[in-house]
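Topology and contacts: notes
Chain by chain, the residues run as shown.
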Amino acid sequence: MRRDSLVVATDIHASVEVAWWCLTAGRDAWWPEMRFEAVVGSPLTETWVEEGRQRSATGSVTRCEEPHLLGFRWAEEGWDHPLDVVIDLVARGESTSLTLTESGFIRARTSLSLLAEHEEGWRYHVARLKRASEDHAAEVGAHATRARTAGDRRRR
């Protein structure tokens, strides 16, 4: 039986606010080919080169509940219907649990291999988002430590 959806999940050692910032405003650090604003209705475009030809997937942001949920619908040329993507961020103490779901493969009448290709692609992008979020959290933490240390010195 053909699957209609995929799920990719990971834990990010950064706050939900840092993960959200990296997912949206800091996106260039982990997915520079993707363009959108974190606002419902915002156009969304991903561009890449495949076999020497520029390709794109386009759509729009369908859900935005900062800093917990981002949803969008997108399609490539040749799909009968768009696919739906939902990225859910849940705070777990000082960390964040990320779950990404992409659905609609049967309705879109895509090639049988597309779900596996997207699953591999999402694993790649989610790993890059995790790394960018954790790096950003470390930078923010180091900056806060330097600021506290400087403040302590001024009070002496």
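As shown above, the structure is provided for reference.
Let me sum up the structure you'll find in this document. (Residues numbered from 1 in each chain as written. Predicted model: local features only at pLDDT ≥ 70, side-chain atom pairs only at ≥ 80, totals over all residues. Heavy atoms only, no water.)

**Considering the environment of alanine 19**
- Following the sequence through the fold, alanine 19 ends up in helix α1 (residues 16-23).
- With residues near it in sequence (within four places) discarded, alanine 19 still touches Ile12, Leu89, Thr96, Leu129 and Ser133. (Helix = DSSP H or I, 4+ residues; strand = E, 2+ residues; numbered from the N terminus. Contact = heavy atoms within 4.5 Å.)

**Points about empty space enclosed by the protein**
- All chains considered together, the criterion is met by two cavities of 30 Å³ or more.
- Size it by volume and the largest cavity reaches roughly 50 Å³.
- Every residue along the wall of the largest cavity is listed here: Leu23, Arg27, Trp30, Trp31, Met34, Phe36, Leu70, Phe72, Ile87 and Trp122.
- Across the lining of the largest cavity, the residue classes break down as nine nonpolar, no polar and one charged.
- Its boundaries defined by the atoms lining it, the second largest cavity holds a volume of some 30 Å³.
- Along the walls of the second largest cavity sit Leu23, Trp30, Ile87, Leu98, Leu100, Trp122, Val126 and Leu129, which together make up its complete lining.
- Of all elements in the fold, only β7 (95-103) and α3 (114-155) reach the threshold of two or more residues within the lining of the second largest cavity.
- With three residues, α3 is the largest single contributor of residues to the lining of the second largest cavity.
- Taken together, the residues of the lining of the second largest cavity break down into eight nonpolar, no polar and no charged. (1 Å grid on protein atoms, 1.4 Å probe; cavity = no way out; pocket = protein on both sides within 12 Å on 5 of 7 lines; lining within 4 Å. Points joined across faces, edges and corners; volume = space filled by probe spheres on them. Nonpolar A, V, L, I, M, F, W, Y, C, P; charged D, E, K, R; others polar.)

**Remarks on the pattern of salt bridges**
- Inspection of the entire model under this criterion finds ten salt bridges.
- One salt bridge connects glutamate 119 with arginine 3, and the closest N-O pair in it is separated by 3.5 Å. Of this pair, glutamate 119 sits in helix α3 while arginine 3 sits in the segment before β1 (5-12), and the two are 116 residues apart along the sequence.
- What makes arginine 3 partly exposed here is its relative accessible area of 44%.
- For glutamate 50, the salt bridge goes to arginine 55, with nearest N and O atoms at 3.2 Å.
- The class of arginine 55 is buried, set by a relative accessible area of 18%. (Salt bridge = Lys/Arg side-chain N within 4 Å of Asp/Glu carboxyl O. Buried < 20%, exposed > 50% of the residue type's maximum accessible area, 1.4 Å probe, protein only.)

**What to know about the nonpolar core**
- Counting residues in hydrophobic clusters, the biggest one holds 35 residues, and the most contacted among them are Leu23, Phe72, Trp74, Leu98, Leu100 and Trp122.
- Elements that contribute at least two residues to this core include exactly β1, α1, β4 (53-65), β5 (69-76), β6 (83-92), β7, α2 (105-108) and α3. (Core = buried A, V, L, I, M, F, W, Y, C linked by side-chain atoms within 4.5 Å.)

**Here's the deal with the layout of surface pockets**
- The volume enclosed by the largest pocket comes to roughly 480 Å³.
- Taken together, the elements giving at least two residues each to the lining of the largest pocket come down to β3 (43-50), β5 and α3.
- A per-element tally of the lining of the largest pocket places α3 first, with eight residues.

**Observations concerning the pairing of β5**
- Among the eight residues that make up β5, six are buried, leaving the element largely enclosed by the rest of the structure.
- Sheet topology note: the β4/β5 ladder contains eight bridges and is antiparallel. Within β5, the residue paired with valine 61 across the bridge is phenylalanine 72.
- Taking the residues that link successive antiparallel strands as the turn, the β4-β5 hairpin has three residues.
- Of the pairings in the sheet, the one linking β5 to β6 comprises six bridges and is antiparallel in character. The partner of leucine 70 across the bridge, within β6, is isoleucine 87.
- Counting the residues in the hairpin turn of β5 and β6 gives six residues, including glycine 78, whose phi is positive at 100°. (Pairing = 2+ DSSP bridges.)

Honestly, it's all geometry; don't read function into it.
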